[in-house]
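So you can see what is in the structure, the chains are spelled out below.
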Amino acid sequence: MQLAEPQDFERVLSSMCTEPHPAAREAAERFLATNPGDPGTYESVSALEERAVELLGEVTGHSDPEGYVASGGTEANIQAVRIARNRADTDDPNVVAPTSAHFSFTKAADLLGVEYRTAPTTDHRADPEAMARLVDEDTVCVVAVAGSTEYGYVDPVPELADLAHEVDALCHVDAAWGGFVLPFTDHEWHFGHADVDTMTIDPHKMGQAAIPAGGLLVRSRELLDELAIRTPYLESTSQVTLTGTRSGAGVASAVAAMEALWPEGYREQYRASMDNAEWLADQLAARGHEVVDPDLPLVAADLSVPMTEELRSRGWRVTKTGAGEMRVVCMPHVTRSMLRSFVADLDWY
Ligand code: PLP
């Protein structure tokens, strides 16, 4: 059977992933048959994973981080909650997050037997006072989102880190999507800005690596060891990852993308994507739509056209927020000319 063509990116405005950088694509192909889950056998990809963590540390203000390249943000978030649960001394653990947190935390709570408490946001950002009302002595983790899935907004990370540490909980920052654009903004979001314990930052999103390349970063070895499981039949003696066999393609492509783009390439990409987001926001506002002011390169607007189906029939891929706004993610493959033809199609209604 002949395989269908994969989705091209020409009209994709909904995805938080993008076309891999050419160096990342090449590295992924070269390392396709390697397994960093067995570092004693696959030594070179294992060394590359150490480099990936070192580079992710540079991006996130940590000179000596621990962590690994996960399958994606979902795995990294699950593992962060698992670290927090395992180190805590309670039989009734809970995690406190803003309602804007990604649904992967619901999976984490379900899998790990942890109660999940969410507090309403104010202007799409976490409200530390509302979160404080949910925190108690059984709270093991306070989640801050740095680049929210729906609006691209950034929570007040230093305040949420203080809140976590008041009850000896961990502060986890989910920068899965925002992590490769935030270094070029004034936001306080990373290990160097606040007492952050764990972080999700995904090379396969704004980092322009091939899928699967998520990132879990941890402040210290001691925290990562909360995940360690003995591995009797491998040459290494323990494993901290959630999956066993893993993609060496993801690891190698993450390193290749970061070596090629950090920091100047990412800075240029941030500027181009942000310019596009602001341009689109202006175009939509000029047409009378209510637009959520973009903070990172993501535009949400209250569009009254019966959009999804009609736009879809013209090849566009757009999604809605939970509140029903249209949402456009200005990823690296989203160009100005693409947005111009999108706006022209909207004008047609
Ligand atoms: N966290 C955030 C903020 C996200 O936007 C996403 C996905 O878009 C995730 C986590 C989950 O990442 P993945 O789909 O790679 O598992």
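Look above for the structure.
Because the structure is predicted, anything quoted here is derived from the model rather than measured.

### Side note on the overall build of the protein chain
Here comes step 1: Across its full length, the protein chain carries 11 helices and 15 strands.
Here comes step 2: Here the C-alpha radius of gyration of the protein chain, 20 Å, is about what a compact globule of 349 residues would show, namely 20 Å.
Here comes step 3: Projected onto its principal axes, the C-alpha positions of the protein chain cover 65 × 50 × 40 Å.
Here comes step 4: Split into buried and exposed, the 349 residues of the protein chain put 56% on the buried side.
Here comes step 5: Considering only contacts within the protein chain whose residues lie at least 6 apart along the sequence, 71% involve residues at least 24 apart.
Here comes step 6: If you sum the accessible surface of the protein chain, you get close to 15,300 Å²; carbon and sulfur atoms cover 46% of it.
Here comes step 7: The positive charge centre, built from 26 side chains, and the negative charge centre, built from 57, are 6 Å apart in the protein chain.

### Focus on the pattern of salt bridges
Here comes step 1: Under the criterion given, the structure shown has 15 salt bridges.
Here comes step 2: The salt bridge partner of D197 is R219, with a shortest N-O separation of 2.5 Å. Here D197, found in the loop between β7 (170–174) and β8 (198–200), pairs with R219, found in the loop between β9 (214–218) and α7 (221–224); they are 22 residues apart in sequence, far enough to count as distant.
Here comes step 3: Overall, the relative accessible area of 2% leaves D197 in the buried class.
Here comes step 4: Residue R219 is classed as partly exposed on the basis of its relative accessible area of 33%.
Here comes step 5: D347 serves as the salt-bridge partner of R287, at 2.5 Å between the closest nitrogen and oxygen. Here R287, found in the loop between α9 (264–286) and β12 (290–292), pairs with D347, found in helix α11 (residues 336–347); they are 60 residues apart in sequence, far enough to count as distant.
Here comes step 6: Residues participating in the shared-partner salt-bridge network are R11, R314 and D345.

### Remarks on helix α4 (residues 104–112)
Here comes step 1: Taken together, the buried positions of α4 are occupied by S104, F105, A108, A109 and L112. Around the axis of α4, the buried residues are gathered within 140° of arc, so they sit on the same side. Summarising the geometry of α4, the exposed residues directed more than 90 degrees from the buried face are D110 and L111.
Here comes step 2: Lining the buried residues of α4 we find α3 (73–87), β3 (115–119), β6 (139–145) and β7.

### Examining the state of the cysteines
Here comes step 1: Scanning the entire structure with this criterion turns up 0 disulfides.
Here comes step 2: For C17, which is in no disulfide, the shortest distance to another cysteine sulfur is to C330 and amounts to 15 Å.
Here comes step 3: Overall, the relative accessible area of 17% leaves C17 in the buried class.
Here comes step 4: A relative accessible area of 0% places C330 in the buried class.

### Section: the packing of helix α8 (residues 248–261) against α9
The description of two helices packed together rests on the angle between their axes and the distance between the axes.
Here comes step 1: Taken N-terminus to C-terminus, the directions of α8 and α9 make an angle of 80°; their axes are 5 Å apart at the nearest point. When the interaxial angle is binned, α8 and α9 end up roughly perpendicular. Residues A257, M258 and L261 of α8 form the contact with α9, whose own contacting residues are E264, G265 and Y266.
Here comes step 2: For the contact of α8 with α9, the residue count by class is 4 nonpolar, 1 polar and 1 charged.

### Remarks on the site of the ligand
Here comes step 1: Neighbouring the ligand are 13 residues; T74, T149, D174, H204 and K205 lie closest to it.
Here comes step 2: Residue H204 places a side-chain N or O atom 3.0 Å away from an oxygen atom belonging to the ligand.
Here comes step 3: In this structure, K205 approaches the ligand through a side-chain N or O atom, which is 2.8 Å from an oxygen atom.
Here comes step 4: Protein coverage of the free-state accessible area of the ligand, which is 390 Å², stands at 84%.
Here comes step 5: A total of 3 residues in the shell around the ligand trace back to one element, the largest contributor, which is α3.
Here comes step 6: Its residues assigned to classes, the shell around the ligand comprises 2 nonpolar, 8 polar and 3 charged.

### Description of the packing of helix α2 (residues 43–59) against α8
Here comes step 1: Look at α2 against α8: their axes get within 9 Å of each other, and the N-to-C directions meet at 45°. With respect to α8, the axis of α2 lies oblique. The element α2 and its partner α8 pack so that their crossing is left-handed. When α2 is examined against α8, the residues V45, L48, E49, R51, A52, L55 and L56 are found in contact with a partner set consisting of G248, V251, A252, V255, M258 and E259.
Here comes step 2: When grouped by side-chain class, the residues that make up the contact of α2 with α8 number 9 nonpolar, 1 polar and 3 charged.

### Comments concerning the nonpolar core
Here comes step 1: Of all hydrophobic cores here, the largest spans 81 residues; its most connected members are L13, V173, M199, L280, V328 and F342.
Here comes step 2: Leaving out residues up to four positions away in the same chain, L13 has contacts with W316, R317, V318, R327, V328, V329, V334, M338, L339 and F342.
Here comes step 3: Among the nonpolar cores identified, the runner-up in size contains 26 residues, and A70, A80, V143 and L170 belong to it.

What counts as what
- Residues numbered from 1 in each chain as written.
- Predicted model: local features only at pLDDT ≥ 70, side-chain atom pairs only at ≥ 80, totals over all residues.
- Heavy atoms only, no water.
- Helix = DSSP H or I, 4+ residues; strand = E, 2+ residues; numbered from the N terminus.
- Rg over C-alpha atoms; globule rule 2.2 N^0.38 Å.
- Buried < 20%, exposed > 50% of the residue type's maximum accessible area, 1.4 Å probe, protein only.
- Contact = heavy atoms within 4.5 Å.
- Areas by Shrake-Rupley, 256 points an atom, 1.4 Å probe, with all protein chains shown as cover.
- Lys, Arg positive; Asp, Glu negative; His and termini not counted.
- Charge placed at Lys NZ, Arg CZ, Asp CG, Glu CD.
- Salt bridge = Lys/Arg side-chain N within 4 Å of Asp/Glu carboxyl O.
- Arc of directions from axis to C-beta.
- Disulfide = S-S within 2.5 Å.
- Axes fitted to C-alpha atoms, helices over the stretch in contact; angles between N-to-C directions.
- Parallel < 35°, antiparallel > 145°, perpendicular 65-115°, else oblique.
- Nonpolar A, V, L, I, M, F, W, Y, C, P; charged D, E, K, R; others polar.
- Near = heavy atom within 4 Å.
- Polar contact = N/O pair within 3.5 Å; in protein donor to acceptor, adjacent residues only side chain to side chain.
- Left-handed = near helix turned anticlockwise from the far one by under 90°.
- Core = buried A, V, L, I, M, F, W, Y, C linked by side-chain atoms within 4.5 Å.

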